[in-house]
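Now for the letters of each chain:
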Amino acid sequence: MKTKDAFKIALLNSRRISVKRKIFIVITSLCFLLLSFLFCFYKSFKGVVNSISYGQNESKIISVYEKTDKYDEYKKIIDGYKNKNIVYVGEFENSLYGYRDLDNNFGFNILRDMKYYIPEVTKGSTIKTTGQIICPERASDRNFDDLKYEELEDLTKMIGKDITLYFKDGNTKEKVAKTFKLVGTYNADYSYSYNDCYISSVDYDNIQNETKEEIKSDSIVKLFDIYVNKYKNVKEVNEYLNSQGITTSVSEVDDSFVNYSLFLSMILLVIMIIVLTIILSKFFKSYYQEENYNIALYKALGFNDKSLVKILFFELEIIMFIAMILAIILLIILSIAARIYLKQFVSFRAVRIAIPFMAFILYYVIISLINYSLIKSDIKNVSKYSVKVLSELW
């Protein structure tokens, strides 16, 4: 029998939607859905970890703290280290904070406009000259952990308007006012940087010079901030500096717990794949073993075992395909509902629920190969038994 003829017969049989077939489709769909939840959790959790742990600017900055008498020595070493991964070297830099309300400590963390550090602008334009600033689309100049997203301030409405920020003078403790034009906003969901704003490096240096505290010669201060393009390149630069006798401070990402969690979830995923594969295989086997009447009828009509394997295999494939499509549709609906619900919370804005389409396809292929092997090995016994059953029915 030709393959296409076997497929046509299997397709005709699949149109007979019995109670047993409905139960079979539902159980298979639930198995696919359960497996997809595990894939979703692993992939989504890993995506959040990568975006938060390794996408933060702080994890790409190497700081050097020492007495000022080491400045010339260290500067010579750093200037002579020509590494393409170093974006910028800042001297005597401290964190820069611009207050909107100096009395209540409301304001924004101010960062430099630099390649690899400035986020992509989603509304408005990038910084083109001094006196300009870009901030998050939704911003909070206070602790936003307990806020809902809608409660954050919508700065997109302020694009083109001026924002006045106050900076503390490190010596006089008086406030220094600076006015910037908000030219653009960015999506801060990926980095939770709802209070990070960016200004040009020229403005940044000018404010640092105006507000920095007078340095005492015998005090240990931050001599340098070395900006590296990517987190993965920090280790190389840091090891070189250490080899030259320069003690560094790096905001390392402690991902031990994260890796442990991902490892456990992977183990759980593998176990569930094995368990579900065994359950589905046994379920599929019981399905075609109970098709005794049809198998016996095919034998009586002259179908050989090879043709029966094709018919039963395609019949199972069609039913399994329907179950997989139903599982995917249900998963998409659930993921959309979950996204709508989670997006209202600031802490879950970075979660991107990934639909594991490739995992569905790969698992479908694996189950199909197992089904084919089982049917091929069992069909002789099943067909002989079925002929006996058919003779008894007659």
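Residues numbered from 1 in each chain as written. Predicted model: local features only at pLDDT ≥ 70, side-chain atom pairs only at ≥ 80, totals over all residues. Heavy atoms only, no water.

Helices and strands together make up the secondary structure of the protein chain, namely 9 helices and 13 strands. Taking the intrachain contacts of the protein chain between residues at least 6 apart in sequence as the baseline, contacts between residues at least 24 apart amount to 80%. (Helix = DSSP H or I, 4+ residues; strand = E, 2+ residues; numbered from the N terminus. Contact = heavy atoms within 4.5 Å.)

This part covers the pattern of salt bridges. All told, the structure shown has 8 salt bridges when counted by the stated rule. Note that E93 is salt-bridged to R112, the shortest N-O span being 2.3 Å. Taken together, the residues span a long stretch of sequence, with E93 in the loop between β2 (86–91) and β3 (96–101) and R112 in strand β4 (residues 106–112) at a distance of 19 residues. A single network of salt bridges, built from pairs that share partners, joins K75, D79 and E91. (Salt bridge = Lys/Arg side-chain N within 4 Å of Asp/Glu carboxyl O.)

Our focus in this paragraph is the sheet that holds strand β12 (residues 220–228). One open sheet holds the 4 strands; their spatial order is β2-β12-β1-β13, and the pairing between them is antiparallel. Each edge of the open sheet is held by one strand with a lone partner, namely β2 and β13 (248–250). Neighbour-to-neighbour, the strand axes of the sheet open up by a mean angle of 25 degrees, direction not taken into account. As judged from the 3 bridges shared by strand β1 (residues 61–67) and β13, these two strands associate in the antiparallel manner. Residue pairing in the sheet places S63 in a bridge with S249 of β13. Helix-sheet contacts for helix α5 (residues 234–243) involve β1, β2, β12 and β13, and the interaxial angle to β13 is about 160 degrees. (Pairing = 2+ DSSP bridges. Axes fitted to C-alpha atoms, helices over the stretch in contact; angles between N-to-C directions.)

Turning our attention to the nonpolar core. The biggest cluster of nonpolar side chains holds 41 residues, and the ones touching the most others in it are F32, F284, F360 and Y363. For this core, the secondary structure elements donating two or more residues are α1 (3–14), α2 (19–53), α6 (256–289), α7 (292–300), α8 (305–342) and α9 (357–393). By residue number, the principal contributor to this core is α8, which donates 15 residues. Those residues in contact with Y363, other than ones at most four positions away along the chain, are F32, L35, I273, L276, T277 and L280. (Core = buried A, V, L, I, M, F, W, Y, C linked by side-chain atoms within 4.5 Å. Buried < 20%, exposed > 50% of the residue type's maximum accessible area, 1.4 Å probe, protein only.)

Here we take up the state of the cysteines. Under the defined criterion, the tally for this structure stands at 1 disulfide. Between the sulfur atoms of C135 and its disulfide partner C197 the distance amounts to 2.2 Å. Taking the torsion about the sulfur-sulfur bond, which here is approximately 120 degrees, the covalent link between C135 and C197 counts as right-handed. Of this pair, C135 sits in strand β6 (residues 132–136) while C197 is found in strand β11 (residues 196–199), placing the two residues 62 residues apart along the sequence. Of the residues examined, C135 reaches a relative accessible area of 0% and is grouped as buried. (Disulfide = S-S within 2.5 Å.)

Take the confidence of the model for the protein chain next. Mean pLDDT over the protein chain works out to 81, with 83% of the residues at or above the 70 mark. Within the protein chain, the element-level pLDDT minimum falls on α7, averaging 69, and the maximum on β6, averaging 95. (pLDDT = per-residue confidence, 0-100.)

Glancing now at empty space enclosed by the protein. Over the atoms rolls a probe the size of a water molecule, and its path tells where empty space is left. Applying the stated criterion across every chain yields a total of 1 cavity of 30 Å³ or more. In this structure, the largest cavity spans a volume of roughly 40 Å³. Considering the residues around the largest cavity, the lining is formed by F32, L35, S36, F39, A359, F360 and Y363. Counting residues per element, the lining of the largest cavity draws most heavily on α2, at 4 residues. (1 Å grid on protein atoms, 1.4 Å probe; cavity = no way out; pocket = protein on both sides within 12 Å on 5 of 7 lines; lining within 4 Å. Points joined across faces, edges and corners; volume = space filled by probe spheres on them.)

Structural remark: α-helix, 3.6 residues per turn; residues separated by three or four positions point the same way. Among all positions of α5, only V234, V237, N238 and L241 are buried. Taken end-on, α5 shows its buried residues confined to a sector of 95 degrees, consistent with a single buried face. When the buried face of α5 is taken as reference, the exposed residues oriented beyond 90 degrees from it are K235 and S243. Of the residues flanking the end of α5, it is G245, one or two places downstream, whose phi is positive at about 85 degrees. (Arc of directions from axis to C-beta.)

This brings us to unusual backbone geometry. Trans peptide bonds make up the majority, and among non-glycine residues the majority have a negative phi. At F92, a position not held by glycine, the phi torsion is positive, near 55 degrees. Mapped onto the fold, F92 is located in the loop between β2 and β3. The residue Y116 is not glycine, and still its phi comes out positive at about 75 degrees. Relative to the assigned elements, Y116 resides in the loop between β4 and β5 (121–124).

Turning our attention to the packing of aromatic side chains. Scanning all chains against the criterion turns up 12 aromatic pairs. Judged by centre distance (5.7 Å) and plane angle (55 degrees), the ring pair of F313 and F314 falls under tilted. For F313, a relative accessible area of 16% gives the class buried. Taking the centre distance of 6.3 Å and the plane angle of 75 degrees together, the rings of F321 and Y364 count as edge-to-face. (Phe/Tyr/Trp six-rings, centres within 6.5 Å; stacked < 30°, edge-to-face > 60°.)

Among the structural elements, V237 can be located in helix α5. Each C-alpha atom, one on V237 and one on I62, is 8.6 Å from the other, the two residues being 175 residues apart in sequence.

This paragraph deals with helix α3 (residues 71–80). Taken together, the buried positions of α3 are occupied by Y71, Y74, I77 and I78. Along the axis of α3, the buried positions cluster into a sector of 135 degrees, meaning they face one direction only. Counted as exposed and oriented over 90 degrees from the buried face of α3: D72, K76 and G80. The secondary structure elements touched by the buried residues of α3 are β1, β2, β12 and α5.

Positionally, E58 belongs in the loop between α2 and β1. Take E58: its relative accessible area is 40%, and that puts it in the partly exposed class. Put simply, E58 and Y117 are 59 residues apart on the chain and 9.8 Å apart in space, counted from C-alpha to C-alpha.

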